[in-house]
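# Fold and contact review
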Amino acid sequence: MRIGHGYDVHTFIEDRPLILGGVIIPYDRGLAAHSDGDAVIHALCDALLGAAALGDIGSHFPDSAKEFENIDSRILLRRTMELLDGKSCRLVNADITIVAQAPKMKPHIAAMRAILAEDMRVDTGMINIKATTSEGMGFIGRQEGVAVHAVALIEDTG
Ligand code: MG
């Protein structure tokens, strides 16, 4: 068994859809990024890569590369799972915490879990997502952005 941790943060900007966990969430702003800004998937990928000792998302999918511009982060998640497959690593479970003052995440969590499970080819019971606010404090409290923490446990079957 191997454990990995991931953390990601993105800034809210105008004129962009808000996409988290592969779900388009109705909101007046989206997240700034070279990719689609899906901080849930980015934190999850980093947790998975960390568990497999495969570095981090930036080294595999650099934000300087044209091919990753505005990319659907679900593609990055599928590619991350392929990297883990290549090392005979299988997911045991993942636990994700979204820290956002707004919008409300709870109505979208079931859809996020279904999407992540589909892309990772695992049962939804292996993925947990929860959300919290920062009680109005700091950059999250001022609704300047969103942070996501992820932990993943994997089994090395090789
Ligand atoms: Mg990111």
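Here's what I pulled together on the structure shown here.

### Some points on helix H1 (residues 39-51)
Because an α-helix packs 3.6 residues into every turn, residues spaced three or four apart end up facing the same way. Here H1 spans 18 Å end to end across 13 residues, near enough to the 18 Å set by a 1.5 Å rise per residue. For H1, the complete set of buried residues consists of Ala-39, Val-40, Ile-41, His-42, Ala-43, Leu-44, Cys-45, Asp-46, Ala-47, Leu-48, Leu-49 and Ala-51. Just downstream of H1 lies Ala-53, where phi reads positive at about 55°.

### Remarks on the packing of aromatic side chains
Any two aromatic rings considered together are summarised by their centre-to-centre distance and by the angle between their planes. Scanning the model with the defined rule gives 2 aromatic pairs in all. Centre to centre, the rings of Phe-12 and Tyr-27 are 5.2 Å apart; their planes meet at 50°, and the pair counts as tilted. Of this pair, Phe-12 sits in strand S1 (residues 2-13) while Tyr-27 sits in the loop between strand S3 (23-25) and strand S4 (30-31), and the two are 15 residues apart along the sequence. Overall, Tyr-27 belongs to the partly exposed group, its relative accessible area being 25%. Seen in terms of ring centroids, Phe-61 and Phe-68 are 5.6 Å apart; in terms of plane orientation they differ by 80°. Their pairing is edge-to-face. By relative accessible area, which is 9% here, Phe-61 ends up buried. Residue classification places Phe-68 among the buried residues on the basis of a relative accessible area of 4%.

### Section: the pattern of salt bridges
Using the criterion set out here, one finds 7 salt bridges in the structure. Taking the shortest distance from any N to any O, the salt bridge between Arg-78 and Asp-119 comes out at 3.0 Å. Placement of Arg-78 in helix H3 (residues 73-86) and of Asp-119 in helix H4 (residues 109-120) is noted, with a sequence separation of 41 residues between them. Between Asp-95 and Lys-130 there is a salt bridge; the shortest N-O distance is 2.8 Å. In this pair, Asp-95 is assigned in strand S5 (residues 89-99) and Lys-130 in strand S6 (residues 127-132), connecting sequence segments 35 residues apart. For Lys-130, a relative accessible area of 35% gives the class partly exposed. Taken together, the shared-partner salt bridges in this structure form one network comprising Arg-74, Arg-78, Glu-118 and Asp-119.

### Overview of the environment of Cys-89
Among the secondary structure elements, Cys-89 is positioned in strand S5. As a C-alpha pair, Cys-89 and Ala-52 span 37 residues in sequence and 7.0 Å in three-dimensional space. Those residues in contact with Cys-89, other than ones at most four positions away along the chain, are Ala-52, Leu-84, Ile-154, Glu-155 and Asp-156.

Rules used throughout
- Residues numbered from 1 in each chain as written.
- Predicted model: local features only at pLDDT ≥ 70, side-chain atom pairs only at ≥ 80, totals over all residues.
- Heavy atoms only, no water.
- Helix = DSSP H or I, 4+ residues; strand = E, 2+ residues; numbered from the N terminus.
- Expected span 1.5 Å × (residues − 1).
- Buried < 20%, exposed > 50% of the residue type's maximum accessible area, 1.4 Å probe, protein only.
- Phe/Tyr/Trp six-rings, centres within 6.5 Å; stacked < 30°, edge-to-face > 60°.
- Salt bridge = Lys/Arg side-chain N within 4 Å of Asp/Glu carboxyl O.
- Contact = heavy atoms within 4.5 Å.

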